[in-house]
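Here's the letter readout for the chains.
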Amino acid sequence: MELQTLLISMGSMGGLGALFSAGLAIANKAFYVEEDPRIAQVLDALPGANCGGCGYPGCGNFAENVVKGIAPVNGCPVGSSDTAKEIAEILGVEAAASQKIIARLMCQGGLEESAVKGVYTGIQSCLAAHILNGGDKLCEYGCLGFGDCVKACPFDAIVMGPDRLPIVIEAKCTGCGNCAEVCPRDVIEMHPENHHILVLCKNLDKGKYAGSVCTKVCIACGLCVRGAEPGEVELKNGLAVINYDKFGDKDVLPTDRCPNNCMLVFPSAKSVSQIDA
Amino acid sequence: MKLILLFISAAIVNNFVLSYFLGICPFVGVSKKVSSAVSMGMAVTFVMVIAAAVTWLIYHLILVPFGVEILEYVSFILVIASLVQLVEMFIRKVSKPLYDTLGIFLPLITTNCAIMGLALFSVLREYNFIESIFFGIGAGAGFTLALVLMAGIREELELADVPKHFQGAAITMIVAGSLALAFMGFAGLISI
């Protein structure tokens, strides 16, 4: 009796299982979806970091949209122009040269430069310090220096420098933008490689007070505006702003008299030498 | 007449989501847009109706004659899982965007307790074949109704000025609770 129940159970369940799997196998054939083989090829050409830098959730979605023609061939900021070329070959289209995009720290307020308002002993994170009281530096716009960007970088392209300012290693930076996203003060910006002149300050304070906050602060004196062609550099909200549409990829400073040296030429010798050390 | 009452009972009075609290997962998960809520409701209804028919057949033609009613859970799960696979293939074939919208909630119909509950209820209440099919249609309609109501409200909520601490999941739960309260008003309307 017991054995019989066992056999019946095994037989009926096994039979049902076999029946359903046969049905599913037939359905699988009937409802087979043909996928574009190019999607797999494009996916192979991509770096596969799934960083989300292109704006799609992962490399798979990006590949799908490239093949559909929605996403640009050079839409992957991580892959070099070789990647774009490879994808273009798969799809049989011309690839526009993609400018490499690099994360730039728009602040020079290290330990020596910036004035201090107190000692911060809270959680060692930029976000925490920003929410609590803005860290220990007096400047309310500058880098907090707790290295949230260092942790956020999936490619180890950011290291913390000796003056508590993160350094971006240009060779390793892929331009995914994760660091710019986590920075609570938006002091990291993504710039194309051909933006050679950058204003490394985000401080919007008025001139005299700004000068007391940091020695490398932009006080919006306007010397650079006068030194440049009209429209190339503008003063906006107490900050010099370069209009790259007009300024182009020049690598000469509009003025060599910037009082606080907050305009720098990139790629800078300083950042390279510090990494070697 | 009894069939119509059975349908109304399953769809409204004893709504699977809002009075039995079965199938809450897709109820919260896929109720952001009315259009995808409707599609999800259709998919679940399809699985429910076929599952109701097939599980009735299996129970009464295989399990009862051989005296192995203990296997009802296993066999029902087998039926439901295969049906969901079928629906998934079908939707992927017919509409890729819909497949992407439903996402993980489509394979999760497999573990949707509303469908298992439906199969077990119809055994427990000793429905005949036709009755259990109508029970399935009613339950599916009720599920779709709940999902669409919720999606409609949540679409309006997108524009509403919800206090910061109630935003997101919190206000969704409150809305779900209020909906369930409203459906309590039907209690006792039909007893079947």
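About the criteria used
Residues numbered from 1 in each chain as written. Chains lettered and ligands numbered in written order. Predicted model: local features only at pLDDT ≥ 70, side-chain atom pairs only at ≥ 80, totals over all residues. Heavy atoms only, no water. Salt bridge = Lys/Arg side-chain N within 4 Å of Asp/Glu carboxyl O. Helix = DSSP H or I, 4+ residues; strand = E, 2+ residues; numbered from the N terminus. Buried < 20%, exposed > 50% of the residue type's maximum accessible area, 1.4 Å probe, protein only. Patch = residues over 30% accessible without salt bridge, like charges linked within 9 Å, V, L, I, M, F, W, Y side chains within 5 Å. Areas by Shrake-Rupley, 256 points an atom, 1.4 Å probe, with all protein chains shown as cover. Lys, Arg positive; Asp, Glu negative; His and termini not counted. Charge placed at Lys NZ, Arg CZ, Asp CG, Glu CD. Polar contact = N/O pair within 3.5 Å; in protein donor to acceptor, adjacent residues only side chain to side chain. Contact = heavy atoms within 4.5 Å. Buried area = accessible area lost by both parts, 1.4 Å probe. Nonpolar A, V, L, I, M, F, W, Y, C, P; charged D, E, K, R; others polar. Expected span 1.5 Å × (residues − 1). pLDDT = per-residue confidence, 0-100. Disulfide = S-S within 2.5 Å. Axes fitted to C-alpha atoms, helices over the stretch in contact; angles between N-to-C directions. Left-handed = near helix turned anticlockwise from the far one by under 90°. Parallel < 35°, antiparallel > 145°, perpendicular 65-115°, else oblique.

**Concerning the pattern of salt bridges**
Residues and elements named next belong to chain A. Tallied over the entire structure, the rule returns six salt bridges over all chains. Between Glu-170 and Arg-104 there is a salt bridge, with the nearest N and O atoms lying 2.8 Å from each other. Residue Glu-170 is located in the loop between β3 (166-168) and α7 (178-182), and its partner Arg-104 is located in strand β1 (residues 101-105); the two are separated by 66 residues in the primary sequence. Like Arg-104, Glu-170 is buried.

**Observations regarding a negative patch on the surface**
Residue and element names in this part refer to chain A. Residues Asp-44, Asp-82, Glu-86 and Glu-89 make up a contiguous surface patch of negative charge. No other element matches helix α4 (residues 81-91), which puts three residues into the negative patch. Structurally, Asp-82 can be placed in helix α4.

**Structural notes on the side chain of Gln-108 of chain A**
All names here are of chain A. By the element assignment, Gln-108 lies in the loop between β1 and α5 (126-132). Gln-108 gets classed as buried once you look at its relative accessible area, which sits at 7%. Looking at Gln-108, its side chain comes within polar contact range of the main-chain oxygen of Asn-261, at 3.0 Å. Residues contacting Gln-108, with those up to four places away along its chain left out, are Glu-113, Leu-165, Leu-200, Lys-216, Asn-261, Cys-262 and Leu-264.

**Quick look at the interface of chain B and chain A**
Taken together, the contacts link 19 residues of chain B with 17 residues of chain A. Approximately 1,600 Å² of surface area, both sides summed, lies buried where chain B meets chain A, with 82% of it carried by carbon and sulfur atoms. Counting the contacts that link chain B with chain A gives zero salt bridges. Taken together, chain B and chain A are joined by one residue pair in polar contact (both at pLDDT 80 or more). For the side of chain B that touches chain A, the element with the most residues is helix α4 (residues 72-94) of chain B, which contributes 11 residues. Considered class by class, the residues forming the side of chain B that touches chain A number 13 nonpolar, three polar and three charged.

**Let's talk about unusual backbone geometry**
Here the phi dihedral of Asp-186 of chain A falls at roughly 50°; this positive angle occurs in a residue that is not glycine. With a relative accessible area of 47%, Asp-186 of chain A lands in the partly exposed category. The phi dihedral of Glu-126 of chain B is positive, around 55°, even though this residue is not glycine. Residue class for Glu-126 of chain B comes out exposed when judged on its relative accessible area of 70%.

**Considerations on helix α3 (residues 34-66) of chain B**
With 33 residues, α3 of chain B ought to run about 48 Å at 1.5 Å a step, and its terminal C-alpha atoms sit 46 Å apart, in line with that. Following α3 of chain B by one or two positions, Gly-67 of chain B adopts a phi angle in the positive range, close to 70°.

**Structural notes on the confidence of the model for chain A**
Confidence in the prediction for chain A averages 83 pLDDT; 94% of positions are at 70 or higher. Scored below 50 in pLDDT, residues 272-277 of chain A shows four contacts in the model against residues more than four places distant or in partner chains.

**A word on the state of the cysteines**
In total, this model carries zero disulfides over all chains according to the counting rule given. Of all cysteine sulfurs in the structure, the one in Cys-149 of chain A sits closest to Cys-126 of chain A, which takes part in no disulfide; the separation is 6.1 Å. Of all cysteine sulfurs, the one in Cys-113 of chain B lies closest to Cys-25 of chain B, which takes part in no disulfide; the gap is 8.7 Å. Overall, Cys-25 of chain B belongs to the partly exposed group, its relative accessible area being 42%.

**What about the packing of helix α1 (residues 2-13) of chain B against helix α7 (residues 129-157) of chain B?**
Residues and elements named next belong to chain B. Where α1 contacts α7, the axes come no closer than 7 Å and their chain directions differ by 35°. As α1 runs across α7, the sense of the crossing is right-handed. Contacts between α1 and α7 involve Lys-2, Leu-3, Leu-6, Phe-7, Ala-10, Ala-11 and Ile-12 on the former and, on the latter, Ile-130, Glu-131, Phe-134, Phe-135, Ile-137, Gly-138, Ala-139, Ala-141, Gly-142 and Leu-145. Of the residues contributing to the contact of α1 with α7, the split by class is 13 nonpolar, two polar and two charged.

**A few points about α4 of chain B**
Counted at 1.5 Å a residue, the expected span for α4 of chain B with its 23 residues is 33 Å, and the 33 Å between its end C-alpha atoms agrees. The set of residues buried in α4 of chain B consists of Glu-72, Ser-75, Phe-76, Val-79, Ile-80, Ser-82, Leu-83, Val-84, Val-87, Glu-88, Met-89 and Ile-91 of chain B.

**Some remarks on the environment of Gly-152 of chain B**
With respect to the helices and strands, the residue Gly-152 of chain B is situated in helix α7. The spacing of Gly-152 of chain B and Lys-33 of chain B is 119 residues in sequence and 7.3 Å in space, taken between C-alpha atoms.

**With respect to the packing of α7 of chain B against helix α8 (residues 169-184) of chain B**
Angle between the axes and distance between the axes are the two parameters that describe a pair of packed helices. Residue and element names in this part refer to chain B. In the contact formed by α7 and α8, the axes pass within 11 Å of each other and the chain directions differ by 135°. One element, α7, and the other, α8, form an angle in the oblique class. As α7 runs across α8, the sense of the crossing is right-handed. Packed against α7, whose contacting residues are Leu-145, Leu-149, Met-150, Ile-153, Arg-154 and Leu-157, the element α8 presents Ile-171, Thr-172, Val-175, Ala-176, Leu-179 and Phe-183 at the interface.

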